[in-house]
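Structural overview for review
Take a look at the letters that make up each chain.
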Amino acid sequence: MPLALLPWPASVTVVEGPPLRTAPGSRREIADRLADRAELTFAEGHGFEGYLLLVSANGVRVETSTQAGAFYARQTLAQLIEFDEQGPLLPAVEIRDAPRFAYRGLMLDVVRHFHPVETVEAVIDRAASLKLNALHLHLTDDQGWRLQLRSHPELAEHGSGSELGGGPGGSYTLEDWRRIVDYAATRHMIVVPEFDLPGHTHAVGLSHPELVADPVITDEVRRAAEESGGGLPEAGSPYTGTAVGFSSLRRDAEGLEDLLRDVLGEIAAATPGPYLHFGGDEALGTDPADFGAVVKLAAGIVAENGKTPIAWHEASAADLPRGSVAQYWGFRTPGNEQAERARAFVERGGRLILSPADAIYLDMKYDAETRIGLTWADGPTSVERSYAWDPAAVIPDVPESAILGVEACLWSETVADLADIDTLMFPRVGSAAEAGWSAPAGTEQRTWESFRERVAGLGPAWAEAAIAFHRSPEIDWR
Ligand code: TNX
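It should be emphasised that the depicted structure is a prediction, and the values quoted were computed from it without experimental measurement. (Residues numbered from 1 in each chain as written. Predicted model: local features only at pLDDT ≥ 70, side-chain atom pairs only at ≥ 80, totals over all residues. Heavy atoms only, no water.)

Notes on helix α6 (residues 219-228)
Within α6, the full set of buried residues consists of Val221, Ala224 and Ala225. Taken end-on, α6 shows its buried residues confined to a sector of 100 degrees, consistent with a single buried face. Across from the buried face of α6, at angles greater than 90 degrees, the exposed residues are Asp219, Glu220, Glu226 and Glu227. (Buried < 20%, exposed > 50% of the residue type's maximum accessible area, 1.4 Å probe, protein only. Helix = DSSP H or I, 4+ residues; strand = E, 2+ residues; numbered from the N terminus. Arc of directions from axis to C-beta.)

Thoughts on the site of the ligand
The environment of the ligand is formed by 14 residues, the closest being Arg112, Tyr361, Asp363, Trp376 and Glu413. Contact distances for the ligand include 2.6 Å between an oxygen atom and a side-chain N or O atom of glutamate 413. A total of 370 Å² of accessible area belongs to the ligand in isolation, and the protein chains cover 97% of it. Applying the majority rule of atoms within 2 Å of the grid points places the ligand in the second largest pocket. Its residues assigned to classes, the shell around the ligand shows eight nonpolar, one polar and five charged. (Near = heavy atom within 4 Å. Polar contact = N/O pair within 3.5 Å; in protein donor to acceptor, adjacent residues only side chain to side chain. Areas by Shrake-Rupley, 256 points an atom, 1.4 Å probe, with all protein chains shown as cover. 1 Å grid on protein atoms, 1.4 Å probe; cavity = no way out; pocket = protein on both sides within 12 Å on 5 of 7 lines; lining within 4 Å. Sits in = over half its atoms within 2 Å of the grid points. Nonpolar A, V, L, I, M, F, W, Y, C, P; charged D, E, K, R; others polar.)

Comments concerning the pattern of salt bridges
Pairing of side chains with opposite charge becomes possible as their charged atoms draw close. In the structure shown here, the tally under the stated rule is 30 salt bridges. Between aspartate 319 and lysine 296 there is a salt bridge; the shortest N-O distance is 3.1 Å. With aspartate 319 in the loop between β15 (308-312) and β16 (325-328) and lysine 296 in helix α8 (residues 288-304), this residue pair connects regions lying 23 residues apart in the sequence. Relative accessible area serves as the criterion here: at 43%, lysine 296 is assigned to the partly exposed category. (Salt bridge = Lys/Arg side-chain N within 4 Å of Asp/Glu carboxyl O.)

Notes on the sheet that holds β16
Read around the barrel, eight strands follow the order β9-β10-β13-β14-β15-β16-β17-β18 and close on themselves; strand pairing throughout is parallel. Within this sheet the neighbouring strands show an average axis-to-axis angle of 30 degrees, counted without direction. The pairing of β15 with β16 spans three bridges and is classified as parallel. In the sheet register, tryptophan 312 faces β16, and the bridge partner there is glutamine 327. (Pairing = 2+ DSSP bridges. Axes fitted to C-alpha atoms, helices over the stretch in contact; angles between N-to-C directions.)

Concerning the domain arrangement of the protein
Partitioning the protein into structural domains gives domain 1 (11-97) and domain 2 (103-464). When each unit is reduced to the centre of its C-alpha atoms, the spacing between domain 1 and domain 2 is 34 Å. On the side of domain 2, 15 residues touch domain 1, which itself brings 13 residues to the contact. Buried area between domain 1 and domain 2, summed over both chains or domains, comes out near 1,200 Å², and the portion from carbon and sulfur atoms is 50%. Among the residues domain 1 hides against domain 2, the three largest losses belong to Arg27, Phe71 and Tyr72. Together they make up 45% of the total. Where domain 1 packs against domain 2, one counts two salt bridges. With a shortest N-O distance of 2.8 Å, arginine 104 and glutamate 49 are connected by a salt bridge. Listed by contribution, the elements that provide at least two residues to the side of domain 1 that touches domain 2 are α1 (27-37) and α2 (67-80). Considering each element in turn, the side of domain 1 that touches domain 2 owes the most residues, seven residues, to α2. Per-class residue counts for the side of domain 1 that touches domain 2 are four nonpolar, five polar and four charged. (Domains from an automatic or database assignment. Contact = heavy atoms within 4.5 Å. Buried area = accessible area lost by both parts, 1.4 Å probe.)

Some points on the side chain of arginine 100
Relative to the assigned elements, arginine 100 resides in the loop between β8 (93-97) and β9 (103-109). At a separation of 3.0 Å, a polar atom in the side chain of arginine 100 contacts the side chain of aspartate 390. At a separation of 2.9 Å, a polar atom in the side chain of arginine 100 contacts the side chain of glutamate 400. Residue contacts for arginine 100: discarding those within four places in its chain leaves Asp390, Pro391, Ala392, Glu400, Ala435, Gly436, Trp437, Ser438, Ala439 and Pro440.

Examining the side chain of histidine 115
Within the secondary structure, histidine 115 is located in the loop between β9 and α3 (117-129). Assessed through its relative accessible area of 1%, histidine 115 is described here as buried. Reaching out from histidine 115, the side chain makes a polar contact with the backbone oxygen of histidine 113 at a distance of 3.3 Å. In this structure the side chain of histidine 115 is engaged in a polar contact, spanning 3.4 Å, whose partner is the backbone oxygen of valine 415. Every residue in contact with histidine 115, bar those within four places of it in the chain, is listed here: Asp109, Val110, Val120, Tyr172, Ser412, Val415, Ala416, Asp417 and Ile421.

Quick word on helix α9 (residues 336-347)
An ideal rise of 1.5 Å per residue puts 16 Å on twelve residues; α9 measures up with 16 Å between its terminal C-alpha atoms. Restricting attention to buried positions, one finds in α9 the residues Ala339, Ala342, Arg343, Phe345 and Val346. Projected onto a plane normal to the axis of α9, the buried residues spread over an arc of 160 degrees and lie on a single side. Seen from the open side of α9, the exposed residues pointing more than 90 degrees away from its buried face are Asn336, Glu337 and Glu347. Residues of α9 that are buried in the fold lie against β16 and β17 (351-354). Just downstream of α9 lies glycine 349, where phi reads positive at about 95 degrees. (Expected span 1.5 Å × (residues − 1).)

Observations regarding the packing of aromatic side chains
One pass over the full model with this rule turns up 16 aromatic pairs. A ring pair is formed by tyrosine 103 and tyrosine 275, whose centres lie 5.8 Å apart and whose planes are at 80 degrees; its orientation type is edge-to-face. Pair noted here: tyrosine 103 is in strand β9 and tyrosine 275 is in strand β14 (residues 275-279), with a separation of 172 residues, a long-range link. On the basis of relative accessibility, which here comes to 12%, the residue tyrosine 275 falls in the buried class. Aromatic pair tyrosine 361 and tryptophan 376: ring centres 5.8 Å apart, planes at 85 degrees, arrangement edge-to-face. Here the residue tyrosine 361 occupies a position in the loop between α10 (357-360) and α11 (383-387), and tryptophan 376 occupies one in the loop between α10 and α11, the gap between them amounting to 15 residues. Counting every residue linked through ring pairs, the aromatic cluster contains Trp312, Trp329, Tyr361, Trp376 and Trp411. Lying across the ring of tyrosine 183, arginine 187 places its NZ or CZ 4.0 Å from the centre. (Phe/Tyr/Trp six-rings, centres within 6.5 Å; stacked < 30°, edge-to-face > 60°. Lys NZ or Arg CZ within 6 Å of the ring centre and 35° of its normal.)

As for the sheet that holds strand β2 (residues 20-21)
The sheet built from three strands is open, its strands ordered β2-β7-β6 with antiparallel pairing. Looking at strand neighbours, the two that pair on one side only are β2 and β6 (82-84), the edges of this open sheet. Examined bridge by bridge, β6 and strand β7 (residues 87-90) share three bridges and lie antiparallel to one another. In the sheet register, phenylalanine 83 faces β7, and the bridge partner there is proline 88.

Okay, structure coming up:
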């Protein structure tokens, strides 16, 4: 039985000798106490997030080059805590660790259902415990605009009062935004804000009808309306259904460039992290030439504001600044055209974040019986399927150096509260965490058999942390 470590570290050696015994308490208390008393040395050579962790009967030693490394040593320490008849114990181990990829993200959609700051903080805690270091917040979409900006208060004023299904919606103040960003920083996470454009912009039209084209009602949009309600989108009324791809910014509208400069500039200034996501997905109602022009304009403004642009992969064929990042959300095995576009983007100096939808779209059902969730990504996504892929193998012939990292995505059409988030996130977020941090698939403990045993071992810790994880029958929970 492997130690219940997730993501699996670069190297784990179980050392001969008695375990470390310590006073009773909750896992959190024990981990904090041991880490506070640990002998901590800052030394060169552990990289930006790596660490050396030594546990023996005498206590804990940590060597690292950064505060982030010390933080990750602490997360590993917490996962080492076991209990027997005599109380808590930690096995004697020597762990040398460092991540495979620099960017390890989780995306939360706070538009389709709004999620308050406390929920976002709880999600940050969960993600950081698995060594994820980026929280991507999808802040705008057809159903709402969720951030109150000083430059354009009307966007949230008119655009945030509802959500999918007709609930009250909501929005963050700039003070809330600061709270989220600061909270994430204490857990060594950056926040990546996303303003989705030129599609997914129906809510912009509630305050700026001149900037948004009339909804394009395709058969697909009609089908979504029939299947999940919410009616057809109508210009000037809040949209509360699940259809996508019907809205578009008008490239030639007077004032569009000024508005983009204002909102992208303001969010760039309010966000310490290096990235700004400007969407670019599913602009099905947008003329291709207009799409390319608006995407180029937005990416240029992001870069002028000192941030690295990130966009969904549809935008990667456009003329983006060198070093831009495309977030791939196709399947684990892309079509030729998709793969070709990604390769061409990399050849032009682009980098990739991998979010294969049929593996780590956390908003998919686990199986036909799952209470919430969608199924469009090739049916339900079992825990095993979420695990069985490798980031370097998705787009053939792309050098690993062009892969910035991995991001799991949680869209919130069916996700109303923290319990819903927990159910869809755990245990599958562990697959994304391990894909982003650990060695390539198939090596050492990077196997489904090892993963499912380690997940089973973490069940008690997740229960103690009040995480409403999905008790998938694929795992032999203890
Ligand atoms: C596709 S993935 C979308 C979202 C939906 C999601 C639901 C992507 C870039 N766009 O608008 O919420 O599917 O799974």
